[in-house]
Amino acid sequence: TQLLEQSPQFLSIQEGENLTVYCNSSSVFSSLQWYRQEPGEGPVLLVTVVTGGEVKKLKRLTFQFGDARKDSSLHITAAQPGDTGLYLCAGGKYGGATNKLIFGTGTLLAVQP
Amino acid sequence: DAGVTQSPTHLIKTRGQQVTLRCSPKSGHDTVSWYQQALGQGPQFIFQYYEEEERQRGNFPDRFSGHQFPNYSSELNVNALLLGDSALYLCASSLWRVTYEQYFGPGTRLTVT
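Residues numbered from 1 in each chain as written. Chains lettered and ligands numbered in written order. Predicted model: local features only at pLDDT ≥ 70, side-chain atom pairs only at ≥ 80, totals over all residues. Heavy atoms only, no water.

## A short note on the overall build of chain B
When helices and strands are counted, chain B shows zero helices and eleven strands. Secondary structure elements of chain B, listed N to C terminal, follow the sequence β-β-β-β-β-β-β-β-β-β-β. Dimensions of chain B, computed from C-alpha atoms along their principal axes, come out at roughly 40 × 25 × 25 Å. Within chain B, the fraction of its 113 residues that count as buried is 51%. Considering only residue pairs separated by 6 or more positions, chain B has 53% of its internal contacts joining residues 24 or more positions apart. Only carbon and sulfur atoms are counted for the fraction: they give 47% of the accessible area of chain B, which is about 5300 Å². The average position of the 9 basic charges and that of the 10 acidic charges among the side chains of chain B differ by 9 Å. (Helix = DSSP H or I, 4+ residues; strand = E, 2+ residues; numbered from the N terminus. Buried < 20%, exposed > 50% of the residue type's maximum accessible area, 1.4 Å probe, protein only. Contact = heavy atoms within 4.5 Å. Areas by Shrake-Rupley, 256 points an atom, 1.4 Å probe, with all protein chains shown as cover. Lys, Arg positive; Asp, Glu negative; His and termini not counted. Charge placed at Lys NZ, Arg CZ, Asp CG, Glu CD.)

## Observations concerning the sheet that holds strand β3 (residues 19-24) of chain B
Think of a sheet as strands paired side by side through backbone hydrogen bonds, with each pair either parallel or antiparallel. Residues and elements named next belong to chain B. Within the open sheet, the four strands sit side by side as β1-β3-β8-β7. Their pairing is antiparallel. Bordering the open sheet on either side are β1 (5-7) and β7 (64-68), each of which pairs with just one other strand. Shown here is a sheet whose adjacent strand axes are inclined to one another by a mean of 20 degrees, direction ignored. (Pairing = 2+ DSSP bridges. Axes fitted to C-alpha atoms, helices over the stretch in contact; angles between N-to-C directions.)

## Quick word on the packing of aromatic side chains
For any pair of aromatic rings, the description consists of the separation of the ring centres together with the inter-plane angle of the planes. Enumeration over the complete set of coordinates arrives at nine aromatic pairs over all chains. Plain terms: the ring middles of Tyr35 of chain A and Phe104 of chain B are 5.4 Å apart, the flat faces sit at 90 degrees to each other, and that makes the pair edge-to-face. With Tyr35 of chain A in strand β4 (residues 31-37) and Phe104 of chain B in strand β10 (residues 103-104), this pair bridges two chains. Take Tyr35 of chain A: its relative accessible area is 0%, and that puts it in the buried class. For the pair Phe47 of chain B and Tyr49 of chain B, a centre-to-centre distance of 5.3 Å together with 85 degrees between the ring planes defines the contact as edge-to-face. The class of Phe47 of chain B is buried, set by a relative accessible area of 0%. The class for Tyr49 of chain B is buried, based on a relative accessible area of 5%. Taken together, the ring pairs connect Tyr35 and Phe103 of chain A together with Tyr35, Phe45 and Phe104 of chain B into an aromatic cluster. When the ring centre of Trp96 of chain B is taken as reference, the NZ or CZ atom of Arg55 of chain B above it lies at 5.8 Å. (Phe/Tyr/Trp six-rings, centres within 6.5 Å; stacked < 30°, edge-to-face > 60°. Lys NZ or Arg CZ within 6 Å of the ring centre and 35° of its normal.)

## What about the pattern of salt bridges?
Residues and elements named next belong to chain B. Counted under the stated rule, the structure contains seven salt bridges over all chains. Residue Arg22 is joined to Glu75 by a salt bridge in which the shortest nitrogen-to-oxygen separation is 3.4 Å. With a gap of 53 residues between them, Arg22 in strand β3 and Glu75 in strand β8 (residues 74-78) connect regions that are remote in the sequence. Its relative accessible area of 41% is what places Arg22 among the partly exposed residues. Judged by relative accessible area, Glu75 falls into the buried class, the value being 18%. (Salt bridge = Lys/Arg side-chain N within 4 Å of Asp/Glu carboxyl O.)

Rendered as structure tokens:
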């Protein structure tokens, strides 16, 4: 059962455009991570947010955790071809004997030069 | 400081055979999680090892088994391979107390023919 839905599933844009990727769930998570994955490689951790309403900025990337800790968004400003890849959100559920990461469905981004 | 390493990089097996994949965690990490990823999709959690014990397991059959060694490295074994087992197998390491921040290896691409 997939608990985290990402939208859009695919996105093809021109260099310089802005975009937002959404990650939604009906479950509450203790933390939310965003990863970027390039073909043939493992996911690379971009950011971790743990507080409801938290906003983090990483250069041209802005990440937000929803107030209720059920959803998150990733906004990219002035996209570049190097931003191309599979973007994955992952929700952390932990406490006691339960420590695990649940991945979203993924958003495949292609930035055309 | 070496990151997460996995071996082999690629593997081709025949239906019904058995396979063993290996993972060395990032220096200082004590927890290893294994994931299966189909092309263009998010990783699916297989199981997690800490203190040489399987701590959690995803929705995978008993054909999937694992082991963690005293040096924190880990193995994933799959018996009686099926065509549907073809995928990218990812290993992620973390600290047990911060399991939500997982760092991934490059993966092993398994093809079952």
